[in-house]
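# Inside the fold
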Amino acid sequence: MKSLILLTIAIFGCTLAMRQQSVAVSGKLMCGPKPAGGVKVKLWDEDDGPDPDDVLDEGFTKDDGTFHLSGSERELTNIDPVFKVYHDCDDGIKPGQRKVKFRIPDSYISPGGNPRKVFDIGVLNLETIFPKEERDLF
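Residues numbered from 1 in each chain as written. Predicted model: local features only at pLDDT ≥ 70, side-chain atom pairs only at ≥ 80, totals over all residues. Heavy atoms only, no water.

We now examine the packing of aromatic side chains. If you walk through the whole model with that rule in mind, you get four aromatic pairs. Here the aromatic rings of Tyr108 and Phe119 are separated by 5.0 Å at their centres, their planes lie at 65°, and the arrangement is edge-to-face. One end of the pair, Tyr108, is in the loop between β7 (97–103) and β8 (110–111); the other, Phe119, is in strand β9 (residues 119–125), with 11 residues separating them in the sequence. Among the aromatic residues, those joined into a cluster by ring pairs are Phe67, Phe83, Phe102 and Phe130. The ring centre of Tyr86 lies 5.5 Å from the NZ or CZ of Lys40, which sits over that ring. (Phe/Tyr/Trp six-rings, centres within 6.5 Å; stacked < 30°, edge-to-face > 60°. Helix = DSSP H or I, 4+ residues; strand = E, 2+ residues; numbered from the N terminus. Lys NZ or Arg CZ within 6 Å of the ring centre and 35° of its normal.)

This is how it looks when you write it as structure tokens:
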């Protein structure tokens, strides 16, 4: 009985230590001179170690290329937010999609479930060949 009480207290303590944190990103994607509408965008919390990465939000750009993503996660340590774009701009007929990712600065992480600030990534031309760009083969 005593060990059950100690276990319950330990689990409750770990639950309280998990801090809810939130983040948001917005911007506009272009493919050359044209808005990149219908492009898949995702907001992730990338984790190290055995904890799997978490998708915080995902969607598609509007016809004008704009997007807004926000989400939250409970973690013991700071979340590591990453914005990912999956696209075919200037890609020819290669299999899969080009995948590029951007780390969001820690100063845009807010305590609680609602972000206090939005990271405006600006206007990105997806014709650019980004460093460490990858391919997503689904």
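Now that the structure is up, let's keep going.
Inspection of every chain in the model, using the stated rule, returns one disulfide. Disulfide pairing is shown between Cys31 and Cys89; the S-S distance is 2.1 Å. The sign of the 90° torsion about the S-S bond sets the Cys31-Cys89 disulfide as right-handed. A residue pair is termed long-range when its members are at least 10 positions apart, and Cys31 in strand β1 (residues 19–31) and Cys89 in the loop between β6 (81–87) and β7 qualify at 58 residues. By relative accessible area, Cys31 is classed as partly exposed at 27%. Here Cys89 falls in the buried class, since its relative accessible area comes to 7%. (Disulfide = S-S within 2.5 Å. Buried < 20%, exposed > 50% of the residue type's maximum accessible area, 1.4 Å probe, protein only.)

Purely spatial values, then, with no claim about function.
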